[in-house]
Amino acid sequence: MVFISRQAKIDLDNIITGLLEWEKVELTVPEVMRYVDDIADICYQLKDLSYHHPAKYKEHLKYGEYFHPYARNRNTTWYIIYDIDLHNHIYVNKIISNYLTVL
């Protein structure tokens, strides 16, 4: 089972706001909602992964033990940061872009 934290829900809301206010490209509301729905869908598919990448970046380690990269396009990768409990429940704690990840 996958649980989305309050912070991750806030992150998704912030992605919506950021995309709607983005001056570089004008996106419609349906386009933005599909974009964010795609990220949410990836979160719910984490339970089906056979391998979970251990978090390695300092910024990611603040939010969880594992991360899953979602390359939306050649410029943007979203990192879904999460933990797994003893019952294999997944807790998505944070969603952060490559623009905010310090290597």
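The structure this text deals with has already been given above.
What this report covers is the structure whose coordinates are included nearby. Here the structure is a predicted model, which is why all the values come from computation and not from measurement.

Brief notes about the pairing of strand β4 (residues 77-84)
Part 1 of the argument: Most of β4 is tucked away, with six of its eight residues classed as buried.
Part 2 of the argument: As defined by bridge partners, strand β3 (residues 66-71) adjoins β4 across six bridges and the pair is classed as antiparallel. What sits directly across from alanine 71, in β4, is threonine 77.
Part 3 of the argument: Between β3 and β4, which pair antiparallel one after the other, the connecting turn spans five residues.
Part 4 of the argument: Of the pairings in the sheet, the one linking β4 to strand β5 (residues 90-97) comprises seven bridges and is antiparallel in character. Residue isoleucine 80 lies in a different strand from β5, and its bridge partner there is isoleucine 95.

Digging into the pairing of β5
Part 1 of the argument: Across the eight residues that make up β5, a large majority, seven, are buried.
Part 2 of the argument: In terms of strand pairing, strand β1 (residues 2-4) meets β5 through three bridges, oriented parallel. Residue isoleucine 4 lies in a different strand from β5, and its bridge partner there is valine 92.
Part 3 of the argument: Hairpin connection from β4 to β5: five residues lie between these consecutive antiparallel strands, with asparagine 88 at a positive phi of about 65°.

With respect to a nonpolar patch on the surface
Part 1 of the argument: On the surface, Met1, Phe3 and Tyr91 cluster together to form a nonpolar patch covering roughly 290 Å² of accessible area.
Part 2 of the argument: Within the element layout of this structure, methionine 1 appears in the segment before β1.
Part 3 of the argument: Residue classification places methionine 1 among the exposed residues on the basis of a relative accessible area of 56%.

Side note on the sheet that holds β4
Part 1 of the argument: Within the open sheet, the five strands sit side by side as β1-β5-β4-β3-β2. Their pairing is mixed. At either end of the open sheet lies a strand with only one pairing partner, and these are β1 and β2 (53-54).
Part 2 of the argument: Strand contacts of helix α1 (residues 6-21): β1, β4 and β5, with the helix running at about 30° to β5, the strand carrying the most contacts.
Part 3 of the argument: On top of the sheet, helix α2 (residues 29-45) reaches β1, β3, β4 and β5; it is set at about 30° to β4, its chief contact.

Structural notes on the packing of aromatic side chains
Part 1 of the argument: Applying the stated criterion to the full structure yields four aromatic pairs.
Part 2 of the argument: Both rings, one in tyrosine 35 and one in tryptophan 78, keep their centres 6.5 Å apart while their planes meet at 85°; by these two values the pair is edge-to-face. Residue tyrosine 35 is found in helix α2, and its partner tryptophan 78 is found in strand β4; the two are separated by 43 residues along the sequence. For the pair tyrosine 35 and tryptophan 78, a shared accessibility class is recorded, and that class is buried.
Part 3 of the argument: Taking the centre distance of 5.8 Å and the plane angle of 25° together, the rings of tyrosine 66 and tyrosine 82 count as stacked. Placement of the pair is tyrosine 66 in strand β3 and tyrosine 82 in strand β4, with a sequence separation of 16 residues.
Part 4 of the argument: Assessed through its relative accessible area of 0%, tyrosine 82 is described here as buried.
Part 5 of the argument: Residue placement shows arginine 72 over the ring face of tyrosine 35; its charged tip is 4.2 Å from the ring centre.
Part 6 of the argument: The ring centre of tyrosine 63 lies 5.3 Å from the NZ or CZ of lysine 94, which sits over that ring.

Parameters and conventions
- Residues numbered from 1 in each chain as written.
- Predicted model: local features only at pLDDT ≥ 70, side-chain atom pairs only at ≥ 80, totals over all residues.
- Heavy atoms only, no water.
- Buried < 20%, exposed > 50% of the residue type's maximum accessible area, 1.4 Å probe, protein only.
- Helix = DSSP H or I, 4+ residues; strand = E, 2+ residues; numbered from the N terminus.
- Pairing = 2+ DSSP bridges.
- Patch = residues over 30% accessible without salt bridge, like charges linked within 9 Å, V, L, I, M, F, W, Y side chains within 5 Å.
- Areas by Shrake-Rupley, 256 points an atom, 1.4 Å probe, with all protein chains shown as cover.
- Salt bridge = Lys/Arg side-chain N within 4 Å of Asp/Glu carboxyl O.
- Contact = heavy atoms within 4.5 Å.
- Axes fitted to C-alpha atoms, helices over the stretch in contact; angles between N-to-C directions.
- Phe/Tyr/Trp six-rings, centres within 6.5 Å; stacked < 30°, edge-to-face > 60°.
- Lys NZ or Arg CZ within 6 Å of the ring centre and 35° of its normal.

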